[in-house]
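Letter by letter, the chains look like this.
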Amino acid sequence: MRWMLIALLFLGCSAGQDVQWRYDDGSGDDDAGDDDAGDDDAGDDDDEEYEKLMWGEREGEEAWTGFFFADPDQGGVLCDIEFEIVEVVAAKDCPGCDAAFVLTRGPEEVWEDVGGACAGEGWTGLEGTSFGIGHAGETLYLDEGAGWGAVPDGEGEVFGDDFWFEIWFEE
């Protein structure tokens, strides 16, 4: 499962994209199949770009979240950290959200940490902390403890109780 998420990160996602949250209503007519099938650069590690993002996904009873930081000017991937989500609760306090969840992080697993980059970003020691993720129409919302706010750069998809999202941070 982890390899699928990493593959998604490199298949044409860029920090300049508008927020998109697609909802699969079960009709089979969602936008999930609009990937750039003709993208010659898909999966080409030689074209690594600056990326700093938070991601998450839930599939059935399993859920994960994490952070990823790559900067080719500093040697490539600097931080790749993942947390199992140990609790998912429907959030009722996201104003106007079509669906929202509060996710609680479990133990961390560090896949890459060059020079303490993960701790430098504040991405370690988060076991037991919670955050909210939700959507209203095409807008993605995040609550890291200070209230719900629209996310300027990110995307995601929700289908029933399952979802995935990516939020890009500024360079």
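Residues numbered from 1 in each chain as written. Predicted model: local features only at pLDDT ≥ 70, side-chain atom pairs only at ≥ 80, totals over all residues. Heavy atoms only, no water.

Before we move on, could you go through the environment of R105 and cite the residues and values that matter?
With respect to the secondary-structure elements, R105 resides in strand β5 (residues 99-113). Note on R105: relative accessible area 6%, which makes it buried. For the pair formed by R105 and S130, sequence separation is 25 residues and the distance between their alpha carbons is 6.2 Å. Not counting residues within four places of it along the chain, the set of residues in contact with R105 comprises M54, T65, F67, F83, E84, I85, V86, L126, E127, G128, T129 and F131. (Helix = DSSP H or I, 4+ residues; strand = E, 2+ residues; numbered from the N terminus. Buried < 20%, exposed > 50% of the residue type's maximum accessible area, 1.4 Å probe, protein only. Contact = heavy atoms within 4.5 Å.)

Residues and numbers for the state of the cysteines, please.
Overall, the coordinates contain 2 disulfides when judged by the stated rule. Disulfide partner of C79: C118, at an S-S distance of 2.0 Å. Taking the sign of the torsion about the S-S bond as the criterion, the disulfide between C79 and C118, at about 110°, is right-handed. Of this pair, C79 sits in strand β4 (residues 76-90) while C118 is found in helix α2 (residues 117-120), placing the two residues 39 residues apart along the sequence. Judged on exposure class, the residue C79 and its partner C118 are both buried. (Disulfide = S-S within 2.5 Å.)

Outline the side chain of R105, supporting the account with residue identities and numerical values.
Within the buried core, R105 has no salt-bridge partner, and the shortest N-O distance to an opposite charge, that of E144, equals 5.3 Å. Of the polar contacts made by the side chain of R105, one reaches the side chain of T129; its length is 2.7 Å. (Lys, Arg positive; Asp, Glu negative; His and termini not counted. Salt bridge = Lys/Arg side-chain N within 4 Å of Asp/Glu carboxyl O. Polar contact = N/O pair within 3.5 Å; in protein donor to acceptor, adjacent residues only side chain to side chain.)

How would you explain the packing of aromatic side chains if you had to name every residue and give the values?
This structure, assessed with the given rule, holds 7 aromatic pairs. When the ring of W123 is compared with that of F169, the centres are 6.3 Å apart and the planes differ by 35°; the resulting orientation is tilted. In this pair, W123 is assigned in the loop between α2 and β6 (130-136) and F169 in the segment after β10 (162-168), connecting sequence segments 46 residues apart. Classification of W123 by relative accessible area gives buried; the value is 6%. For F169, a relative accessible area of 29% corresponds to the partly exposed category. (Phe/Tyr/Trp six-rings, centres within 6.5 Å; stacked < 30°, edge-to-face > 60°.)

Help me get a handle on the pattern of salt bridges, residues and values and all.
This structure, assessed with the given rule, holds 1 salt bridge. K52 serves as the salt-bridge partner of E121, at 3.2 Å between the closest nitrogen and oxygen. Of this pair, E121 sits in the loop between α2 and β6 while K52 sits in strand β2 (residues 51-59), and the two are 69 residues apart along the sequence.

Tell me about a negative patch on the surface, and name the residues and values.
Together, E59, E61, E62 and E84 line one region of the surface with negative charge. Looking at the secondary structure, you find E59 in strand β2. (Patch = residues over 30% accessible without salt bridge, like charges linked within 9 Å, V, L, I, M, F, W, Y side chains within 5 Å. Areas by Shrake-Rupley, 256 points an atom, 1.4 Å probe, with all protein chains shown as cover. Charge placed at Lys NZ, Arg CZ, Asp CG, Glu CD.)

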